[in-house]
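Structure at a glance
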Amino acid sequence: MALRPKRRPRFLTVKSAYYLSPNLIRVTFQGPELSDFPTGHEGANCKLVLPRENESRASFEKHIGAEKAGKKLHPVRTYTVRAFRGDEQELDIDFVAHGDEGPATKWAQQAREGSFLGFFGPSQPKITSFYADWYLIAADLSAMPVAEATLEMLPADARGVALFEVPSKDDIRDVRLPAGIEVHWLIQDDVHRPSTAQIDFVRTMHWPEGTVQTCIAGESSVIRTLRDHLHNERGLPKSDTYISGYWKIGLIEEEHQKMKRVEAA
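Residues numbered from 1 in each chain as written. Predicted model: local features only at pLDDT ≥ 70, side-chain atom pairs only at ≥ 80, totals over all residues. Heavy atoms only, no water.

Once that is clear, we can look at the overall build of the protein. A count of helices and strands for the protein gives six helices and 14 strands. Referenced to the eigenvectors of the C-alpha coordinate spread, the extents of the protein come out at roughly 60 × 40 × 35 Å. Accessible surface for the protein amounts to roughly 13,300 Å². Of this, 49% is attributable to carbon and sulfur atoms. (Helix = DSSP H or I, 4+ residues; strand = E, 2+ residues; numbered from the N terminus. Areas by Shrake-Rupley, 256 points an atom, 1.4 Å probe, with all protein chains shown as cover.)

See the structure below:
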């Protein structure tokens, strides 16, 4: 069956790739492809199109987005814009190093100067205004980019709590945030089973008076429990809560996205 072309992404080139911690890789892209990249989209979603193993750049750019027998030739995965520096035409994206054979993890672990991929996006930022008396930020490693970007955008006098659930103590690192945000690191060394660490913490923590805004993302079963608690037990308005499942134990991205569409319907 003939290849069927689709819309084309930006083609991004790697400047550097390094481990922020044992389980998190930062890849920095640089080049003229980013000359018109929008500013102020840290924390927004994007779609990454990954080359096949040992595929040349010429082949990748020629066949990007094509399908054969109804199946995409190149894996597509959803990620988060961590940072963009317009003056340097540099874009940072952080990848969880799962230690498995997932295509994005494998690509990031092998990335080096000159590596490439396709990029669609970014979407609109998750939170565009900050008006609360108090903030709750919670994330596992997959959602650290949106959590960190949100913390960096908070008002300097913001107060609240940030919860970061990571696989090991070695993944604890310095995070930029307002002085009034209290940080707690939760260790969950088995990422293949649902964790109750975040909901246990949130249920027992002191709950402040006034308006609370949230930025919470991570594994879908954890998110479902937190969402139920915040909306049905705490009574937080949906308009004040960004809370999203970024992945699901046991599912690849296509299966997880299908599950989210069914649940939304």
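Inspection of helix α4 (residues 197-204) places Gln198, Ile199, Phe201 and Val202 among the buried residues, and these make up the whole buried set. With its buried residues spanning 160 degrees around the axis, α4 presents them on a single face. Buried residues belonging to α4 abut β10 (134-140), β11 (160-166), β12 (181-187) and α5 (220-233). (Buried < 20%, exposed > 50% of the residue type's maximum accessible area, 1.4 Å probe, protein only. Arc of directions from axis to C-beta. Contact = heavy atoms within 4.5 Å.)

Once that is clear, we can look at the packing of aromatic side chains. All told, the structure shown has 10 aromatic pairs when counted by the stated rule. Seen from their ring centres, Tyr79 and Phe95 are 4.6 Å apart, and the 40 degrees between their planes marks the pair as tilted. Placement of the pair is Tyr79 in strand β6 (residues 76-80) and Phe95 in strand β8 (residues 90-96), with a sequence separation of 16 residues. Each member of the aromatic cluster is reached from another via a ring pair, and the members are Phe29, Tyr79, Phe95 and Trp107. (Phe/Tyr/Trp six-rings, centres within 6.5 Å; stacked < 30°, edge-to-face > 60°.)

Below, the discussion takes up unusual backbone geometry. The peptide bond linking Gly121 to Pro122 adopts the cis configuration, its omega dihedral lying at 5 degrees. Within the fold, Pro122 resides in the loop between β9 (116-120) and β10. With a phi angle near 55 degrees, Gln89 is a residue other than glycine that sits in the positive phi range. When you line up the elements, Gln89 lands in the loop between β7 (83-85) and β8.

Before going further, it helps to spend a moment on the pattern of salt bridges. What the rule picks out here adds up to 14 salt bridges. Note that Arg52 is salt-bridged to Glu55, the shortest N-O span being 2.8 Å. Residue class for Arg52 comes out partly exposed when judged on its relative accessible area of 35%. The class of Glu55 is buried, set by a relative accessible area of 12%. (Salt bridge = Lys/Arg side-chain N within 4 Å of Asp/Glu carboxyl O.)

A few words now on helix α3 (residues 144-153). Burial analysis of α3 places eight of its 10 residues in the buried class, the great majority of the element. Along α3, the positions that sit buried rather than exposed are Met144, Pro145, Val146, Ala147, Glu148, Ala149, Thr150 and Leu151.

Right, let's get into the sheet that holds strand β14 (residues 241-247). Taken in spatial order, the five strands of this open sheet run β12-β11-β10-β13-β14, and their pairing is parallel. Among the strands making up the open sheet, the edge pair consists of β12 and β14. Here the average twist between neighbouring strands, direction ignored, is 10 degrees. Here β10 runs beside strand β13 (residues 212-219); their pairing, made up of six bridges, is parallel. (Pairing = 2+ DSSP bridges. Axes fitted to C-alpha atoms, helices over the stretch in contact; angles between N-to-C directions.)

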